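Listed below are the residues making up each chain.
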2 protein chains.
Amino acid sequence: MTIEFTIDRRINGTQVRTGVLRTPHGDVSTPVFMPVGTFGSVRSVTPDELISAGVNILLGNAYHLYLRPGAKRIRDLGGLHAFMGWDGPILTDSGGYQVFSLASLAKVQEDGVSFRSHIDGRLHFLTPQSVIEVQQDLGSDIMMPLDHCLPYGADEGALRDALDRTNRWAEISARAAEGKKSEVFGIVQGGMNEGLRKESARFMSSLDLPGYAIGGLSVGEPKETTWAMLEAVVGELPVDRPRYLMGVGSPEDLVEAVSRGVDMFDCALPTRVARNGGLYTKTGRLNVNNARFKEYVGPAEEGCDCYFCITFSMAYLHHLFNCNELLGYRLATLHNLRYFMKLMSEVRDAINKGSFSDFKQEFMHTYVPVSEEARSQGSRNGRKGRSGGE
Amino acid sequence: MTIEFTIDRRINGTQVRTGVLRTPHGDVSTPVFMPVGTFGSVRSVTPDELISAGVNILLGNAYHLYLRPGAKRIRDLGGLHAFMGWDGPILTDSGGYQVFSLASLAKVQEDGVSFRSHIDGRLHFLTPQSVIEVQQDLGSDIMMPLDHCLPYGADEGALRDALDRTNRWAEISARAAEGKKSEVFGIVQGGMNEGLRKESARFMSSLDLPGYAIGGLSVGEPKETTWAMLEAVVGELPVDRPRYLMGVGSPEDLVEAVSRGVDMFDCALPTRVARNGGLYTKTGRLNVNNARFKEYVGPAEEGCDCYFCITFSMAYLHHLFNCNELLGYRLATLHNLRYFMKLMSEVRDAINKGSFSDFKQEFMHTYVPVSEEARSQGSRNGRKGRSGGE
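The shown structure was predicted, so the numbers you read here are calculated from the model rather than taken from an experiment. (Residues numbered from 1 in each chain as written. Chains lettered and ligands numbered in written order. Predicted model: local features only at pLDDT ≥ 70, side-chain atom pairs only at ≥ 80, totals over all residues.)

Topic: the confidence of the model for chain A
When pLDDT is low, close inspection of the predicted coordinates is not appropriate.
Residues and elements named next belong to chain A.
Then step 1. The share of residues in chain A with pLDDT of 70 or more is 96%, and the mean pLDDT across the chain is 94.
Then step 2. This model gives residues 377–384 a pLDDT under 50, and the stretch forms 20 contacts once residues within four places in sequence are excluded.
Then step 3. As a predicted assembly, this complex carries a pTM of 0.96 together with an ipTM value of 0.96. (pLDDT = per-residue confidence, 0-100. Contact = placed C-beta atoms within 7 Å.)

Some thoughts on the interface of chain A and chain B
Then step 1. On the side of chain B, 31 residues touch chain A, which itself brings 31 residues to the contact.
Then step 2. Residue assignment for the side of chain A that touches chain B shows that the elements contributing at least two residues are helix H3 (71–76), helix H4 (80–84), helix H13 (314–322) and helix H14 (326–352) of chain A.
Then step 3. Looking at the side of chain A that touches chain B element by element, the count peaks at 5 residues for H13(A).
Then step 4. Its residues assigned to classes, the side of chain A that touches chain B shows 15 nonpolar, 9 polar and 7 charged. (Helix = DSSP H or I, 4+ residues; strand = E, 2+ residues; numbered from the N terminus. Nonpolar A, V, L, I, M, F, W, Y, C, P; charged D, E, K, R; others polar.)

Notes on the sheet that holds strand S8 (residues 112–116) of chain A
Residues and elements named next belong to chain A.
Then step 1. Reading across the sheet, the 3 strands line up as S7-S8-S9 and stay open at both edges, with antiparallel pairing between neighbours. On the outer flanks of this sheet lie strand S7 (104–109) and strand S9 (123–126), each paired with one strand and no other. Here the average twist between neighbouring strands, direction ignored, is 15 degrees. (Pairing = 2+ DSSP bridges. Axes fitted to C-alpha atoms, helices over the stretch in contact; angles between N-to-C directions.)

Describing the environment of Leu123(B)
All names here are of chain B.
Then step 1. Relative to the assigned elements, leucine 123 resides in strand S9 (residues 123–126).
Then step 2. When the C-alpha positions of leucine 123 and leucine 105 are compared, they lie 9.3 Å apart, and in sequence the two are 18 residues distant.
Then step 3. Each residue touching leucine 123, except ones within four places of it in the same chain, is listed here: Ser114 and Arg116.

Details of the relation of the copies chain A and chain B
Then step 1. The transformation that overlays chain A on chain B combines an axial shift of 0.0 Å with a rotation of 180 degrees, and the residual RMSD is 0.0 Å. Expressed as an axis order, the relation between the two copies is that of a two-fold axis. When C-alpha positions in chain A are compared against the rotation axis, the closest is assigned to Leu326(A), at 3.8 Å.
Then step 2. Comparing interface residues between copies, 100% of those in chain A also lie at the interface in chain B; the contact surface is shared. (Least-squares fit on C-alpha atoms with pLDDT ≥ 70 in both.)

A look at unusual backbone geometry
Then step 1. In the segment running from Thr30(A) into Pro31(A), the intervening peptide bond is cis, with an omega of 0 degrees.
Then step 2. Counting through the fold element by element, Pro31(A) comes out in the loop between strand S3 (26–30) and strand S4 (32–34).
Then step 3. A positive phi angle, near 85 degrees, is found at Ser44(B), a position not held by glycine.
Then step 4. Among the secondary structure elements, Ser44(B) is positioned in the loop between strand S4 (32–34) and helix H1 (47–53).
Then step 5. We classify Ser44(B) as buried; it has 26 C-beta atoms within 10 Å.
Then step 6. Even without a glycine there, the phi angle at Asp208(B) is positive, about 55 degrees.
Then step 7. Within the element layout of this structure, Asp208(B) appears in the loop between helix H8 (194–206) and strand S13 (212–214). (Buried ≥ 20, exposed ≤ 12 C-beta atoms within 10 Å, placed from the backbone.)

Now the structure itself:
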C-alpha cells in the first residue's frame, strides 16, 4: 500500500487520536486540515507560502482540472505536483460533488454520469473508471471515487438508490485503482438517515480501503444532525484507517469533529472568507472592512506569527481592501491559513499530551463562532459539504 | 541636503552616466526604474518580493493616498514606509497629473486647484503648500511639486500660462519644503514646444533643487518628438543633478532615454502589462494567453531567475490566467519587475564598463517592441506620461 496510517496516541474511551498518514509525497500528522487548491493553486498564494504557513497536504478538484486545463495535459506536463510546484501530498476529490452541484443536466446512468460543463456547456461523460484515470493522470496521492451525491432533503428512496450506486461505483473504483501508484478512499454517504449511514460505513469498510471519507454532511442540516451522523459512521469504520470529513469546516466544527474521531478535513472557508475580509482569531472572526480598523495599528491577533501580522497593521489591510488591492486578499489568506494550521497543531499537541478535553472546553469557551447567517455570507458554499471549488 | 547625487561614470561626449542617489532611506544606483505603488502597494506583491526582484526605490501617488486613506492618517500610523512595510526610498508624485487627468471639474486658480474626487465626487482644494504638506505627512524621501498639467495638443498660449504657473508653484513648493526632512524636485514642463521646454529647464535649474523631473512627455506624441524634447531639456539641466523622466516607460524607451542622459524612471507598464498576461523577455513581449503556451513546459525566458521562471512553466501560467487565478497576476508581475530591474542593472553595467553604445545597439537589435496599438491595449495609460496610478 502506498498510503499507510499509524496511530500515535488515542484518548481512552473516545475516538480521538493523533496519527501519521504516509503518502508517496511525504508524511502528514493528523488530525490535519487540507487547504483547497481548486484550479491547481490555493488562491493567491505560492507553494512556498503554503509551507511557511505550515500546510503539508492540499486538496485538488479533479472535476475542475479535468475541464481546465484537462487531466491528460497535466499528465503530459509532468503531473499536478510538478504543474503547480507543490512537492507535498495531494488528495483529489473525484468530481462527484461538482458534477451534481455545479454542472448542469447531470444524468445518472448505471455506468456513470453525463453532464454539461458549467464553463462552456460541452457534454461530458464520467464513469467510476474514468474518474480514477483522471486522478491517475493528475498523479494524486489519494484519490476519491465517483459517488452519487444528492441534495439535502432527498427522500429515503432516492437516498437508497444513490447509496447502492455509490457502493457499486466504489467497488469498481477500488478495482480500477488496483496496482496503481495512488490509492482510493471510500466515501460514506446516506444523507441524514442513520441506518443508511451505518450501512454505508459497513459496506465501505468491507472493501478494505486505506481510508474513509464521510461525504454529504454540513450541507444545511442542523449541527446536532451533523454530529449524530458523524458519530453513527465513525463507530462503524475500522479504527486503524484515517477518517476524512469532507468540506468541513469552521474552526469550531474542526474541534467538534476531532472530538468525534475525524483525522482529515478540507474546506474553502479560510481562503474564501479571507477574500471577503474575514480574519480568524482565537476569539472569533474579525472583518477587516469594519470601520474600527481604519486606524488600528495592531495585527489581526497579538502573537500571531503569520507574514501579515508580523509585517503590517490592520489599518493597512483595511486600506488595501478599501482599494480592492490584490495584496489584501493575499495577506488575509496567509493569515487564515496560518490560523487553521496553528489550530490543528494545537489540537494535535493537546491530544498527544492527553489534554484534548480541556483544550476543547477552553477553545469553545474562548472562540465565538459567527452566526450561521454571517457565516454563509462570508462563504458562499460554507454550508455545503464538499467544496464545489474555491 | 538629505538628497545627494554623485556621478560614478560618464560616457565622454554624451549625457550618459551612472550615479548614486543618496536618500534618507538608503542609496540608489542610477539609472534606476521605480515601480509604481499607487495605493501603498505595488499591485499584488509584497515588500520582500520587491527586494528579491531587485527593486530599491518605489513611486507612490500623493493624490491617491491623500484621498484614501488620507495623508494625515498615514502620518498618524507612522508614515508611508511603516504603513506599507517598505524600508527603502519612496518618491511621491504630487498629484498634479492625477488632478488634471483623473479628477473631475479641476479648476485652476492662482493659489491652487480645486477638483472633485474621482471616487466620491467630494470637493477638494490643493495648493503647492498643501501638496508639500501631504508628502511630508506621507514621509516621502523625494517630493514632487504641484504642477499645472495640460493635455497633449494644448496651444502655445495655454502652455505658456500653465508653465508660468508651474514655475510660480515650484518656487512656493521649494520654500514650503525648506528645512523639511525630505526635498522637492523641480518638474520641467512646456508641452512639445522646444523653446518653452528649454525655458522651463533653465527656470527650474535656477531654483537649485536636488533633482529635476521631466513631465508631460510620452503622452501620445511621436517618438521623435519625445526624444527631441528630452534632448532640449537635458542640455539645460545642471549636470550634477539627477534627471527623472516621469511615466516612462517600455524597455526600448528606457534604453533610449538613458542614452540621452536620464537617471530615473517610473511607469505602471511592467505591473499593468503583467496583469493582462504580457511578459517581457530579451526579444520582446510575450502574451501568456496565447494558445501556443497551453503545453509549453519552459519558463517565460530561459535563464531568467525570477520566482515564476525558476518554479513554474508557461503552461501553468497560461492555465492560471485562463481561470482568472490571482496567483497568475502575481507571478507575471514578479517576472516583469525582475525583467525591468535586470535591464537597468545591465544598463548600469554597460555604462560602467564604457560599453553602453554597444549595449544599446545589441538591445535594439534583439528586442522587438510591440506595436503602439498593442502597447496601449496592454496598458491603458501606457501612452500617457505620468502614471495616473496603477
